[in-house]
Amino acid sequence: MINTVNRELEKALEQRTGQKVRDCYQCKKCSAGCPIAFAMDLVPHEVMKMVQYGQERRLMRSSTIWLCASCETCTTRCPNEIDIAAVMDGLRQMALEAGESLGEPEVGMFHKSFLGGIKYTGKTNEPILIGAYKTLSRRLFDDLGLGAVMLARRKIKILPRVVKDRAGMRRIFDRTEGGPK
Amino acid sequence: MSRIDFSYFPGCSQTGSAEEFGLSTEAVCAALGIDLEELPDWSCCGASSAHMTNDLLSIALPGRDLALAKKIGKDLLVVCAACYSRMKVAQNRILSDEALAAEVEAAVGMDPRFTGRIRHLLDVVANDIGMRDIKKWLRADLAGLKAVPYYGCLLVRPPEVCCCDSVENPTDLDRFLKGLGVEVRPWSFKTDCCGGSLSLSRTDIVENLVNRLYVQAEHAGANCIVTACPMCAANLEMRQQPGKFTFTVVHRMPVLYFTELLGLAMGLDAQSWFKSHLISPLPLLKQLDLVN
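Predicted model, so just to flag it, every value in this text is computed and none were measured.

A. Expanded view of the sheet that holds strand 2 (residues 34-38) of chain B. All names here are of chain B. Spatially, four strands are ordered 2-1-3-4 in an open sheet, and the strand pairing comes out parallel. Every other strand in the sheet has two partners, leaving strand 2 and strand 4 (118-120) as the edge strands with one partner each. Neighbour to neighbour, the strand axes of the sheet diverge by 40 degrees on average, direction disregarded. Across the sheet, helix 1 (residues 19-32) touches strand 1 (4-9), strand 2 and strand 3 (76-78), and the angle it forms with strand 2 is around 135 degrees. Sitting on the sheet, helix 4 (residues 81-96) is in contact with strand 1, strand 3 and strand 4, with an inclination near 160 degrees to strand 4.

B. Looking closely at the sheet that holds strand 8 (residues 255-257) of chain B. Residue and element names in this part refer to chain B. The sheet built from four strands is open, its strands ordered 6-5-7-8 with parallel pairing. Of all the strands in the sheet, the pair left with one neighbour each is strand 6 (183-184) and strand 8. Alignment of strand 5 (residues 146-150) against strand 7 (residues 224-227), held across four bridges, turns out to be parallel. If you follow Tyr150 over to strand 7, its bridge partner there is Thr227. Against the sheet, helix 10 (residues 258-265) contacts strand 7 and strand 8, and its axis sits at roughly 75 degrees relative to strand 8.

C. The pairing of strand 7 of chain B, seen in detail. Residues and elements named next belong to chain B. Burial along strand 7 is two-sided: Cys224 and Val226 and Ile225 and Thr227, pointing in opposite directions, are all buried. Here strand 7 runs beside strand 8; their pairing, made up of three bridges, is parallel. By the bridge assignment, Ile225 is partnered in strand 8 with Val255.

What counts, and at which threshold
Residues numbered from 1 in each chain as written. Chains lettered and ligands numbered in written order. Predicted model: local features only at pLDDT ≥ 70, side-chain atom pairs only at ≥ 80, totals over all residues. Heavy atoms only, no water. Pairing = 2+ DSSP bridges. Helix = DSSP H or I, 4+ residues; strand = E, 2+ residues; numbered from the N terminus. Axes fitted to C-alpha atoms, helices over the stretch in contact; angles between N-to-C directions. Contact = heavy atoms within 4.5 Å. Buried < 20%, exposed > 50% of the residue type's maximum accessible area, 1.4 Å probe, protein only.

Here it is in structure tokens:
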């Protein structure tokens, strides 16, 4: 029911991120200054209103929470000092924990590939990241010409850089329950 | 001037895709008498992917590096804008939230409560040494270079932890470039996002953002873009290449790290850095007689 306001989502986000979304009075500065707004299905001030209304499912499945690039322009301009980028982080984390099908599956695959590389090598290695992402997303043939140029200019190193304390890295991921399972 | 002593977090990009940023950083620091002690067995800060998916992980990953810095006990120098932002945010959260600090300590197995200062090299050069004092190290005038300073997001935001003088219109990099004799062109896109974290997954969006930056840099009358962020640089250079989402107008504007220009102005051997750019700055620099 659209006229039922559910405060649970707003409270859960406050507990998770410390942000009081109820302070938003819809000045819309966040949306006006958002560099990604042109590609979003919900612009930031709409996200804030929907958090106040508790429209959890629509938010969890939106593209917006994955398209937000965390540039934090909105955060620095919010007159009510709401860290909107942190709210987006909170929504992303909740969507993952709830096992929702992501509004932007390829962005999720990128994060999985990125963190998987750190989990097993401790560092970000471009060939491992790109290889893992291409495999997960099945976009094997994107940017092949670019890859060749990057190899030639030493932008991509063949040998991965690996930390010595690999057990320590695994422990961080196990303890925080982060990264790919 | 007395020597400056830091522990040093190079960051993944500076040993990989932004090798020229890492090499030029180490060369200018050595020449300026800034001693760098690399954190032993440092690991990735987790960048955007960590904080977007798991809050504790996003503090624990840089927390491991902060614990290594605590053991050394010196102030910590970082050059990558993204690593810098993550390190500062993590330090802030660890020192202000004891319950979180204890959780990070358990995950990392070391004490992450690093109380030293975390510094960005641009801040150290432009504000500690100062552009008047840097003059005595300079051997070449960079006249002819017309740059737009591109701060991007993470050098200035969040302003509570970052180093620049203004979050909307910072001038640190402007002052730095003017001090080297570079003509700084005014533009309104100093702190606009390039879409770095979406570079592989939503290339169409990134192409749109990067294209606008190039068009605006050209309108500003610049012949190069100068940055302190390896994500911005990679994104700006990669998306000028022919690919799936090519520009309707092809751009060939070089993107340079502030450390490369400092090294060039100091008369250091900069040629090898410039060779690893995707958009070679060498034709421009040769035309201006800045390299042989």
